[in-house]
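# Analysis of the macromolecular model
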Amino acid sequence: MTHPPRSHRILTSLCVLTLALCSGCDDDDKPRRAAPPDASESSQDDAGTPDAGTPWDGTATPLEERGNWVDPGRASACDFDTADASTSPCQEPSRFDVSSCDPTALAALEQHGIYMVDLRTERTLGDGGTLATGAFTSFRLSEDGTQDTMMGQPLLTRDTRDGGFSLVSRTVTNTTTTLRGCDTLAPDRITGCFARCFGAGAIQKGTFTAHRVAKWSGEPESSGGLTLLSETHVATGEPVDVYVAKSHAYVVSMRRLGRNGGLSVYDVSDPQHPVFKTSISLPQDNLWNAAWAHGDALYIASADSGTVVYDISNPAAPGFVRNLPSGTYGVHTLLVDGQRLYAMAPESGTFVYDVTNPLDPVLLTNISLPEPLSLAGPHDAFAYQGRLYISNANGGYSIMDVTDLENVRHLGQFVHGNKAFAHHSAVGTFAGRTIAFEGGEGPGAHLRVLDVTDPAHIVKIGEVRKRNVTSIHNLILRGQTLYVAWYQEGLRVFDVSNPTSPRQVAHHNTYRETDPERTDSPFTGAYGVRVPGDGHVYVVDSSRGLLIFDEL
């Protein structure tokens, strides 16, 4: 058996697309064209019913788009002195004014935990005003003598004794970050000031609020009757997505912490007792990020080699068939709608295949957008009623008419404030209007509700935010219920019968500091969620593995 080759670079950065709007195949060698999906047909896992039949009357008040990060104001009275750059190092304690701080409150802090940090950077303007922008970092303080870290890098200095709080870290590029604690807002939140310096010169300064992300201010572990049936550790890499078909859960993983990624297969016919069947980890091809099954085919998004096709006619033992190369950075996400497979390839566009024969995909076209619309390329997409909704990383949210692949048309664009990262969406019909539930990625990334009935005039009509230091990831719409994998916030379930006001009806906090391989990365926790209609909800957590719940 031959295996798909590894591309010469992995997905470490995203570049700009400059391709034409849509390129197809030569007329002399034109492949068969898959019929467009019926208007009532939707992606089997991801879309709501054609009309959820809600009591909502379709009216809404347009909301301002503010981006992901919302300025919370100065977090602390302490400050950093930039004037001493020629005489003292950037991390020198004397350069931080903590005279108005509360060492007693800092002394009461537990001396361990994983914190995500909201950095409010401040720049003085020519008129004397201040421009504030958001940034982030993270740190982990150990209690057992293991390594303290900041964004995964070992701390140079940790001084948290007797009411002091000072952490210093340096990157491989010689940028130093120093956090000085000042006060506590709650047992799980520290405020203070910070400086980022290159050598002795400050390049950023401001205040911060650090949240201990495993604390939810008294919120219980679970609510709304969301019952955890089983938890299965995944030994292959870092699990990031799951697809359920033929009573089997197919979990894909990325390379992480020195472990190769790949595929792990579990028989979930008894969801309380999943049975491990096999795992696949190819030495030269195992940075896998997404999975989707169609008929006897399992499609895997690989950053190394594009779309990898496996035969799951024997669901417990996938057999390699072929790979579909898709550009320098491979494929990041994919989905099947009707008889079409869409594979989203950063830099290279969205590859569309006819999968009438699931094990023999035939390339139909490549949908791509010019730079202003696609900045960093397609990250994910959603298909609904003849339209493709593309999350274009930093380029925004594009709506494409894909009823005729010979004439793909760009219908409209939603641009996020501050070029916030577009990540994932789900679309349904409510009270006769087409509604998109859309999420970004990165600190402060949250749920947006968009009325996309008229793609040329997209209107934001609702939103749900969690903590400024956490990020939404993937979401699934089932009728009037929206299931969201929200990294450190775990699984969140919303009643969206009135889409202008999503109401949380259940949750489960999957994130625990003590989980094996848990790190201080901002991108850890609940990654993927699937609700395949078998009465259960499947979640993959980057550390805990495969979690199965009863569906509400």
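Please read these numbers as outputs of a predicted model, since none were measured by experiment. (Residues numbered from 1 in each chain as written. Predicted model: local features only at pLDDT ≥ 70, side-chain atom pairs only at ≥ 80, totals over all residues. Heavy atoms only, no water.)

### Focus on empty space enclosed by the protein
For the structure on display, the rule yields two cavities of 30 Å³ or more. As a volume, the largest cavity reaches approximately 50 Å³. In terms of lining, the largest cavity is formed by Glu-238, Leu-257, Arg-259, Glu-517, Arg-518, Thr-524, Ser-542 and Ser-543. Residues that form the lining of the largest cavity fall into these classes: one nonpolar, three polar and four charged. Reported here for the second largest cavity is a volume of approximately 40 Å³. If you trace the second largest cavity, you find 10 residues lining it, with Ile-367, Ser-368, Leu-369, Pro-378 and Asn-392 closest to the centre. (1 Å grid on protein atoms, 1.4 Å probe; cavity = no way out; pocket = protein on both sides within 12 Å on 5 of 7 lines; lining within 4 Å. Points joined across faces, edges and corners; volume = space filled by probe spheres on them. Nonpolar A, V, L, I, M, F, W, Y, C, P; charged D, E, K, R; others polar.)

### With respect to the sheet that holds strand 18 (residues 288-294)
Read from one edge of the open sheet, four strands run 18-19-20-21, paired in antiparallel fashion. The open sheet has two free edges, formed respectively by strand 18 and strand 21 (319-324), since each of these has just one partner strand. With strand direction ignored, the average angle separating the axes of adjacent strands in the sheet is 25°. Bridging between strand 19 (residues 297-302) and strand 20 (residues 306-311) involves six bridges; their strand directions are antiparallel. Bridged to Tyr-299 within strand 20 is Val-309. (Pairing = 2+ DSSP bridges. Helix = DSSP H or I, 4+ residues; strand = E, 2+ residues; numbered from the N terminus. Axes fitted to C-alpha atoms, helices over the stretch in contact; angles between N-to-C directions.)

### Focus: the state of the cysteines
Summed over the entire model, instances satisfying the criterion amount to three disulfides. Each sulfur of the disulfide joining Cys-78 and Cys-193 lies 2.3 Å from the other. The S-S bond linking Cys-78 to Cys-193 shows a torsion near -135°; that makes this disulfide left-handed. One end of the pair, Cys-78, is in the loop between strand 1 (22-23) and strand 2 (79-80); the other, Cys-193, is in strand 10 (residues 189-198), with 115 residues separating them in the sequence. Residue Cys-78 is classed as buried on the basis of its relative accessible area, which comes to 1%. With its sulfur 1.4 Å from that of its partner, Cys-90 forms a disulfide with Cys-197. Here Cys-90 is found in the loop between strand 2 and strand 3 (96-97), whereas its partner Cys-197 is found in strand 10, with 107 residues between them in sequence. For the pair Cys-90 and Cys-197, one class covers both residues: buried. With its disulfide-bonded cysteines labelled consecutively along the sequence, the chain is connected as 1-5, 2-6, 3-4. (Disulfide = S-S within 2.5 Å. Buried < 20%, exposed > 50% of the residue type's maximum accessible area, 1.4 Å probe, protein only.)

### As for the packing of aromatic side chains
Geometry of an aromatic ring pair is reported as the spacing of the ring centres plus the angle between the planes. A complete count under the given rule lists 12 aromatic pairs for this structure. Residues Phe-80 and Phe-96 carry aromatic rings whose centres are separated by 4.9 Å and whose planes lie at 55° to one another, so their mutual orientation is tilted. Residue Phe-80 is found in strand 2, and its partner Phe-96 is found in strand 3; the two are separated by 16 residues along the sequence. Residue classification places Phe-96 among the buried positions, given a relative accessible area of 5%. Here the aromatic rings of Trp-288 and Tyr-310 are separated by 6.2 Å at their centres, their planes lie at 65°, and the arrangement is edge-to-face. With Trp-288 in strand 18 and Tyr-310 in strand 20, the pair connects residues that are 22 residues apart, well separated along the chain. Each member of the pair, Trp-288 together with Tyr-310, is buried. Site record: aromatic cluster; members linked through ring pairs are Tyr-115, Phe-139 and Phe-165. Here Arg-518 stacks its cationic end above the ring of Tyr-511, 4.4 Å away from the centre of that ring. (Phe/Tyr/Trp six-rings, centres within 6.5 Å; stacked < 30°, edge-to-face > 60°. Lys NZ or Arg CZ within 6 Å of the ring centre and 35° of its normal.)

### Looking at the side chain of Thr-510
Position of Thr-510 among the secondary structure elements: in the loop between strand 37 (503-508) and strand 38 (526-530). For Thr-510, a relative accessible area of 0% gives the class buried. Contacts of Thr-510, omitting those with residues within four sequence positions, involve Tyr-487, Gly-490, Leu-491, Asp-515, Arg-518, Ala-526, Asp-541, Arg-544 and Leu-547. (Contact = heavy atoms within 4.5 Å.)

### Observations regarding the pattern of salt bridges
Tallied over the full model, the rule gives 31 salt bridges. A salt bridge links Glu-65 to Arg-448, with the nearest nitrogen and oxygen atoms 2.9 Å apart. With Glu-65 in the loop between strand 1 and strand 2 and Arg-448 in strand 32 (residues 447-451), this pair connects stretches of sequence that are 383 residues apart. Taking relative accessible area as the criterion, Arg-448 reaches 0% and is therefore assigned buried. The shortest N-O distance in the salt bridge between Arg-433 and Asp-451 comes to 2.6 Å. Separated by 18 residues along the polypeptide, Arg-433 in strand 31 (residues 433-440) and Asp-451 in strand 32 bring together distant segments of the chain. Three or more residues are tied together by salt bridges with common partners; here these are Glu-65, Arg-66, Glu-438, Arg-448, Lys-460, Glu-463 and Arg-465. (Salt bridge = Lys/Arg side-chain N within 4 Å of Asp/Glu carboxyl O.)

### Looking at the layout of surface pockets
Its volume calculated, the second largest pocket comes out at about 230 Å³. Lining the second largest pocket we find 13 residues, and of these Thr-121, Glu-122, Arg-123, Thr-124 and Lys-205 sit closest to its centre. Where the lining of the second largest pocket is concerned, the elements lending two or more residues are strand 4 (113-124), strand 5 (130-141) and strand 11 (201-212). Of the residues belonging to the lining of the second largest pocket, the class tally is three nonpolar, five polar and five charged.

### Description of the environment of Gly-199
Residue placement: Gly-199 occurs in the loop between strand 10 and strand 11. Under the relative-accessibility criterion, Gly-199 is labelled partly exposed at 41%. Distance in space between the C-alpha atoms of Gly-199 and Thr-176 is 7.7 Å, their sequence separation being 23 residues. For Gly-199, the residues in contact, after removing those within four places along its chain, are Cys-90 and Asn-174.

### Focus on the pairing of strand 24 (residues 349-354)
Burial analysis of strand 24 places six of its six residues in the buried class, which makes it a mostly covered element. Note: strand 23 (residues 340-345) against strand 24, six bridges, orientation antiparallel. Within strand 24, the residue paired with Ala-343 across the bridge is Phe-351. One ladder, built from five bridges, connects strand 24 with strand 25 (residues 362-367); its direction is antiparallel. By the bridge assignment for strand 25, Phe-351 is matched with Asn-366.

### Here's the deal with the nonpolar core
Soluble, globular proteins show a tendency: their nonpolar side chains are buried together. Among the nonpolar cores identified, the biggest contains 66 residues, and Leu-263, Trp-288, Leu-298, Tyr-310, Leu-388 and Leu-546 are the most heavily contacted of them. Trp-56, Ala-436, Ile-461 and Leu-482 belong to the second-largest nonpolar core, a separate cluster that totals 29 residues. (Core = buried A, V, L, I, M, F, W, Y, C linked by side-chain atoms within 4.5 Å.)

### Considering the confidence of the model for the chain
Of all residues in the chain, 89% attain a pLDDT of 70 or more, and the chain-wide mean is 88. Every residue in residues 1-33 scores below 50 in pLDDT, and together they form 95 contacts with partners more than four places removed in sequence or on other chains. Here residues 35-44 scores under 50 on pLDDT; set against residues more than four positions off or in separate chains, the count is 22 contacts. (pLDDT = per-residue confidence, 0-100.)

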